[in-house]
Amino acid sequence: MSNLLQKASIVTTPTAYGVGVLNSIKPAYALGEELVVNGNFETDSNWTKGTGWSISNGKASKTGSASDSLYQSGTFLQNKTYKLSFSLTNTTQGNLIGQLFGGGGSNEFFNTTSIANGNYTFYVQASINRTTFGFYASGSFDGSIDNVSVVEVTDADFDFTRNSSATRVNPDYLIQDVSILSSNLVQNGNFSELGSELITNGTFQTDTNWVLGTGWSIANEVASCDGTNLSYLTQTGILTPSQTYKVQFDITSYTSGSVKYRDNGLASGQSFSGIGSYTDFVVAAGGQFRLMSENFIGSLDNVSVKQVDPNDNWTLGTGWSIGTNKAIATSAGSASSITQNNIIESNKIYKVTYTISDYVEGGVYIRVGSGANGTIRQSNGTYTETLTQSGNTTFYFTSYSGSTTLSISNISVIEVQQTDIPRLDYTNGTASILLEPQSTNLITYSNDYSNASWTITGTTITSNAAISLDGTLNATKLIENSSNSQHKIQETTNTITAGNVVYSQFVKKGERNKILLELGGGGGGYATFNLELGVVISEVGNVNATITEFSNNWYRCSVSFTSTSTEVYLGAYILDDNGSLSYQGDGTSGIYIYGAQLEQQSYPTSYIPTEGSAVTRAAETLNNAGNSDLINSTEGVLYAEIKPLSNDVLTDQRSIQLEGLNGGGDNEIIIQYLSGNLRFLVYGNSTLQLNTAQSVSLSSYTKVALLYKNDVFKIYINGAERYNVSGSYTMPTNLNKINFSRSGASIFFGKCKTVAVFKEALSDTELACLTSTNNREIFLNYYYRMQYVGANTEALSCAEQTFNI
């Protein structure tokens, strides 16, 4: 089987990826043969020298006032990428341009008027077939070139596009947004930063640094007061007005009275009495720090004063202050904010996480720039929201009502790069490349069942009652009340376009283990599910039902139908142990729900979270891998291990294609799902050479190989030959790329564990081995190629557990 690995010219599996790219594991990043002759200028040959150019002493040099070129002929093919490198020495002035040219125009790779000595490397793709490589120097250029090299880059990475966010099941079997995250952009988001100590001799080791008011004295390493009222213990000139300070001290002996901070601007803190350690947060009005006696008889020690938020990261509005690791709103007025400036940029997406504690009244919401406000929060808890910045660069935390009292902590603002990132999905326990069509979740609050868009009947809900499939405490528990009735939650009106519609709901058993999902309007019906056994119990009406197991006893249940109406309604009903829809509730039993989704599809796609409006996930494309050196037009094998998303392949073509140089349908080799089968097409010179279909399971992965050689076509599926034909055929020409589509259409939406190309026709034994159930080790040796591409390499940490071909 290792021989098969060596024979494969392209292998792509779920391993490494970056923004806009899915990396192939074979070939590893590779370079072709050297295309430049005499690139080190050992002899005065092979190069055409224009006016002012000369070759000597192992260099090509340019002097004089003429503008002219140094070049040599070569073959640089359209759409191929080349690595070009060279050294500059003795450069003093002028402009130098490096380029591929010939055939009209040029492809520049170097153009500078600021010449610097050093080594240079560039990558350029030939836009058309080019015949010449060289350098053009302006009349003012003086300098030398050495170590010139041009080699073709022969990687086979796929271009990936999706202009939206999307979720997948990650290696920990949790649902997560596929994204690249920045570090936390908020400074001092936990309000813990303190400045240096401002008090000198706060432990009273000496009778110095302090100004003692009447009745105050320092002895025995403490400061004592005899009860003189309104007398001060002072250090001067250490505070800055309007700044917040953390004040700490110990009362080590106590008889009566109290002591508190009060500066010379008459700003006051809390009054403290009794033996103990005390902390106060105060805003200075003057420059002096003073502890004031309120008939205080006792002693103090360990006085400390440090500025809070010493780098002035936060601007506090009226009613806001900073306490111990939190920002505090105390009867803050409506629209009063805490802010940070210049931490966000226009039109970027930010994920904001924060914690509310000490809630009394009012509420808060977030805003990035002048964009839309976040959700108003009016209870304790940890919240996460995703917002897009617009307008200015300020981050806001704003009070909602005229008397907001609560605390905020653990603020995180992270930029999210959510577009053009491939998804490696682990729903089935091993990684697959996931490609899906555009879809919209029409439910506007997909996981906030307390929102008024949901109607609750015979049921109470408890938010944040369990760990959901995204790994956080945000699942909701539906709890039946004690009435003899139905116990349900519903969304009563959803506007759609008449046609396919599917409602899906993540559900986990609680005290009850059966649930009914309803989807009606223009037909429809309902289905019941057993969450103990993970099975559909019944389907009533025109619906089709599915249940899919996820982790930690969570299931995704769905009902779908073809609606004749432009409105649908949906709901989830708790059933009793007998499966009854209407029953006497006990007031405590229930089930857990998470992530509701309503789509205009015949099947549920990956979860699309919403927080107040419908959200659309864009369609995905995966194309343009390989080149003509890696794909043989005369003979070869196209292999894939694939699975469709659903039975949408009954009507839509889902294609993987080897495409010819000029695109279109002139020269193609295609494996595609259509009409519930796998169909195989070969076009040579615009003429259909092969058209056959083979039945396969649509619910499981299929390993399939299509062999083409001269006048023979063979098809192997899951280890067995399924088709073998010979005759007089015209083979495709100029095959140069793999696409998960057919000439930009018939896009493959489904899951893929491997796609591979062989440049030679394999034997029957090799084809059977390649498509058997035991081919995993064939490609495993190339697994660690991902280490070298600088891409996201999550599968590396999963190794044997997640890499499955």
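Residues numbered from 1 in each chain as written. Predicted model: local features only at pLDDT ≥ 70, side-chain atom pairs only at ≥ 80, totals over all residues. Heavy atoms only, no water.

Points about the overall build of the protein
Inference 1: A count of helices and strands for the protein gives 4 helices and 64 strands.
Inference 2: The globule rule puts the C-alpha radius of gyration for 805 residues at 28 Å, and the 35 Å found for the protein is more than 25% above it.
Inference 3: Overall, the protein is about 110 × 90 × 45 Å in size when its C-alpha atoms are taken along their principal axes.
Inference 4: Across the protein, every contact between residues at least 6 apart in sequence was considered, and the portion connecting residues at least 24 apart equals 72%.
Inference 5: Summed over its atoms, the accessible surface of the protein is roughly 31400 Å², and 44% of this surface lies on carbon and sulfur atoms.
Inference 6: Of note, the protein has its 43 positive side-chain charges centred 5 Å away from the centre of its 66 negative side-chain charges. (Helix = DSSP H or I, 4+ residues; strand = E, 2+ residues; numbered from the N terminus. Rg over C-alpha atoms; globule rule 2.2 N^0.38 Å. Contact = heavy atoms within 4.5 Å. Areas by Shrake-Rupley, 256 points an atom, 1.4 Å probe, with all protein chains shown as cover. Lys, Arg positive; Asp, Glu negative; His and termini not counted. Charge placed at Lys NZ, Arg CZ, Asp CG, Glu CD.)

Digging into the pattern of salt bridges
Note on pairing: side chains with opposite charge can pair once their charged atoms come close.
Inference 1: For the structure shown, the criterion picks out 21 salt bridges.
Inference 2: A salt bridge links E641 to K703; its shortest N-O distance comes to 3.9 Å. Separated by 62 residues along the polypeptide, E641 in strand β55 (residues 635–644) and K703 in strand β60 (residues 702–709) bring together distant segments of the chain.
Inference 3: Residue class for E641 comes out buried when judged on its relative accessible area of 5%.
Inference 4: Bridged by salt links that share partners, the residues R162, R423, E436, R617 and E620 form one connected network. (Salt bridge = Lys/Arg side-chain N within 4 Å of Asp/Glu carboxyl O. Buried < 20%, exposed > 50% of the residue type's maximum accessible area, 1.4 Å probe, protein only.)

What about the sheet that holds strand β13 (residues 142–153)?
Inference 1: The 5 strands lie next to each other as β5-β6-β13-β8-β11, forming an open sheet whose pairing is antiparallel. Two strands in the sheet have a free side with no partner beyond their single neighbour: β5 (53–56) and β11 (118–125). Neighbouring strand axes in the sheet, compared pairwise and without regard to direction, differ in orientation by 30° on average.
Inference 2: Pairing of strand β8 (residues 81–93) with β13 involves 9 bridges; the strand directions are antiparallel. Across the sheet, S85 pairs through a bridge with S149, a residue of β13. (Pairing = 2+ DSSP bridges. Axes fitted to C-alpha atoms, helices over the stretch in contact; angles between N-to-C directions.)

Looking at the pairing of β5
Inference 1: Side-chain alternation along β5 places W53 and I55 on a buried face and S54 and S56 on a face that remains uncovered.
Inference 2: As defined by bridge partners, β5 adjoins strand β6 (residues 59–62) across 4 bridges and the pair is classed as antiparallel. If you follow S54 over to β6, its bridge partner there is S61.
Inference 3: With antiparallel pairing between neighbouring strands as the criterion, β5 and β6 make up a hairpin whose turn holds 2 residues, including N57 at a positive phi of roughly 55°.

Quick look at the environment of E721
Inference 1: Within the secondary structure, E721 is located in strand β62 (residues 720–726).
Inference 2: Residue E721 is classed as partly exposed on the basis of its relative accessible area, which comes to 38%.
Inference 3: Considered as a pair, E721 and Q99 are 622 residues apart in the sequence and their alpha carbons are 50 Å apart.
Inference 4: Those residues in contact with E721, other than ones at most four positions away along the chain, are K714, I715, Y716 and D764.
Inference 5: A distance of 3.4 Å separates a polar atom in the side chain of E721 from a polar atom in the side chain of N724. (Polar contact = N/O pair within 3.5 Å; in protein donor to acceptor, adjacent residues only side chain to side chain.)

Observations concerning the packing of aromatic side chains
Inference 1: With the rule as written, the count across this model stands at 31 aromatic pairs.
Inference 2: Relative to Y594, the ring of W554 has its centre 6.3 Å away and its plane inclined at 65°; by these criteria the two rings are edge-to-face. Linking W554 in strand β49 (residues 554–563) with Y594 in strand β52 (residues 590–599), this pair joins segments that are 40 residues apart in sequence.
Inference 3: Its end group placed over the ring of Y396, R367 keeps NZ or CZ at 4.0 Å from the ring centre. (Phe/Tyr/Trp six-rings, centres within 6.5 Å; stacked < 30°, edge-to-face > 60°. Lys NZ or Arg CZ within 6 Å of the ring centre and 35° of its normal.)

Section: the sheet that holds strand β2 (residues 17–18)
Inference 1: Ordered by their spatial adjacency, 4 strands build an open sheet running β2-β3-β14-β54, and the pairing between neighbours is antiparallel. Unpaired on one side and paired on the other, β2 and β54 (621–623) mark the two borders of the sheet.
Inference 2: Here β2 pairs with strand β3 (residues 21–22) via 2 bridges, running antiparallel. Among the inter-strand pairings, G18 is bridged to a residue of β3, identified as V21.

A look at a nonpolar patch on the surface
Inference 1: Together, L533, V535 and I537 make up an exposed nonpolar region whose accessible area comes to about 270 Å².
Inference 2: Looking at the secondary structure, you find I537 in strand β47 (residues 535–541).
Inference 3: You can call I537 partly exposed: its relative accessible area is 44%. (Patch = residues over 30% accessible without salt bridge, like charges linked within 9 Å, V, L, I, M, F, W, Y side chains within 5 Å.)

Quick word on the pairing of strand β31 (residues 349–361)
Inference 1: The pairing of β31 with strand β33 (residues 381–388) spans 8 bridges and is classified as antiparallel. Paired with I349 across the bridge in β33 is T388.
Inference 2: Bridge analysis of β31 against strand β35 (residues 404–417) gives 8 bridges, and the strand direction is antiparallel. The partner of S357 across the bridge, within β35, is S407.

Thoughts on the environment of F109
Inference 1: For F109, the position within the fold is in strand β10 (residues 106–112).
Inference 2: In this structure F109 comes out as buried when scored by relative accessible area, which is 8%.
Inference 3: The contact partners of F109, leaving out residues within four places of it in the chain, are L84, F86, G98, Q99, L100, F122, V124, F133 and F135.

Examining unusual backbone geometry
Inference 1: With an omega of 0°, the peptide bond running from K26 to P27 counts as cis.
Inference 2: Tracing the chain through its elements places P27 in the loop between β3 and β4 (48–49).
Inference 3: With a phi close to 80°, S242 is a non-glycine residue in the positive phi region.

As for the side chain of S336
Inference 1: Structurally, the position occupied by S336 is in the loop between β29 (326–332) and β30 (337–340).
Inference 2: One polar contact links the side chain of S336 to the main-chain carbonyl oxygen of T318, over a distance of 2.6 Å.
Inference 3: Those residues in contact with S336, other than ones at most four positions away along the chain, are G317, T318, W320, F397, T398 and S399.

Re the side chain of D250
Inference 1: With respect to the secondary-structure elements, D250 resides in strand β23 (residues 244–262).
Inference 2: Buried charge without a salt bridge: D250, with K246 as the nearest opposite-charge side chain at an N-O distance of 12 Å.
Inference 3: Separated by 2.7 Å, the side chains of D250 and S277 make a polar contact.
Inference 4: Setting aside residues no more than four positions away along its own chain, D250 makes contact with G276, S277, S299, L300, D301 and N302.

These figures capture arrangement, not role.
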